[in-house]
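As a plain string of letters, each chain reads:
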Amino acid sequence: MAPPLFVQLVSLSEESLLSAVHIAATRTERRILKDSALIPIYASGISFLLLVAFLISRIPFIKRLVARLRASDDDQPIGISRRDAQYTTITPATFKDELKEHIASHGGLTIYLHNTLRLVISLSLLGITIYAAIVAPGPQPQLS
């Protein structure tokens, strides 16, 4: 059994009542911070902060700023080294070429179609689940 939150007071003076409320509030605060049922909320909060940090890092202005700061730390001119030049590619000119390159980067047309079909099926199952949860009738009363 959990310890009681409030201490029984003999005299009900205003000062003693305020101190009892303060003690109860501090005990509750300490218990809330240590509650194991809140671990998923803490984890989702950390996950959300990481998502925001990732999205901020994807902003082109921030990318250029980070590249400049890294280049200034190394005191080397900004440019492409010979090692990096072998990994750079020329961007495709048309959407069709870009799509072909994207499909090839995922392992070919068969694997790409398999993954696309799997995504469509997963999303349709998710939609059916949401629909069933919203529209599902409640328990029916039994007539006797």
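Being a predicted model, the structure only gives us computed values, none of them experimental.

Novice: Would you mind going over the overall build of the chain with me for this structure?
Specialist: When its secondary structure is counted, the chain shows six helices and zero strands. Counting only carbon and sulfur atoms, one obtains 67% of the accessible surface of the chain, whose full area is about 13600 Å².

Novice: Please clarify how the confidence of the model for the chain should be interpreted in this entry.
Specialist: Reading predicted coordinates in detail is not appropriate for stretches of low pLDDT. Predicted confidence across the chain gives a mean pLDDT of 75, with 60% of residues reaching 70 or more. Summarising per-element confidence for the chain, the mean pLDDT is lowest in helix 4 (residues 82–85) (58) and highest in helix 6 (residues 109–135) (92).

Novice: Teacher, can you tell me more about the environment of Thr 94 here?
Specialist: Among the secondary structure elements, Thr 94 is positioned in the loop between helix 4 and helix 5 (95–105). A residue is classified by how much of its surface remains accessible, and Thr 94, at 41% relative accessible area, is partly exposed. Side chain to side chain, Thr 94 and Asp 97 meet in a polar contact 3.1 Å long.

Novice: Is there a simple way to think about a nonpolar patch on the surface in this case?
Specialist: Taken together, Phe 48, Leu 49, Leu 51, Val 52, Phe 54, Leu 55, Ile 56, Ile 59, Phe 61, Leu 65 and Leu 69 make up a surface patch of nonpolar side chains, about 1000 Å² in accessible area. At seven residues, the largest contribution of residues to the nonpolar patch is made by helix 2 (residues 39–57). By the element assignment, Phe 48 lies in helix 2.

About the criteria used
- Residues numbered from 1 in each chain as written.
- Predicted model: local features only at pLDDT ≥ 70, side-chain atom pairs only at ≥ 80, totals over all residues.
- Heavy atoms only, no water.
- Helix = DSSP H or I, 4+ residues; strand = E, 2+ residues; numbered from the N terminus.
- Areas by Shrake-Rupley, 256 points an atom, 1.4 Å probe, with all protein chains shown as cover.
- pLDDT = per-residue confidence, 0-100.
- Buried < 20%, exposed > 50% of the residue type's maximum accessible area, 1.4 Å probe, protein only.
- Polar contact = N/O pair within 3.5 Å; in protein donor to acceptor, adjacent residues only side chain to side chain.
- Patch = residues over 30% accessible without salt bridge, like charges linked within 9 Å, V, L, I, M, F, W, Y side chains within 5 Å.
- Salt bridge = Lys/Arg side-chain N within 4 Å of Asp/Glu carboxyl O.

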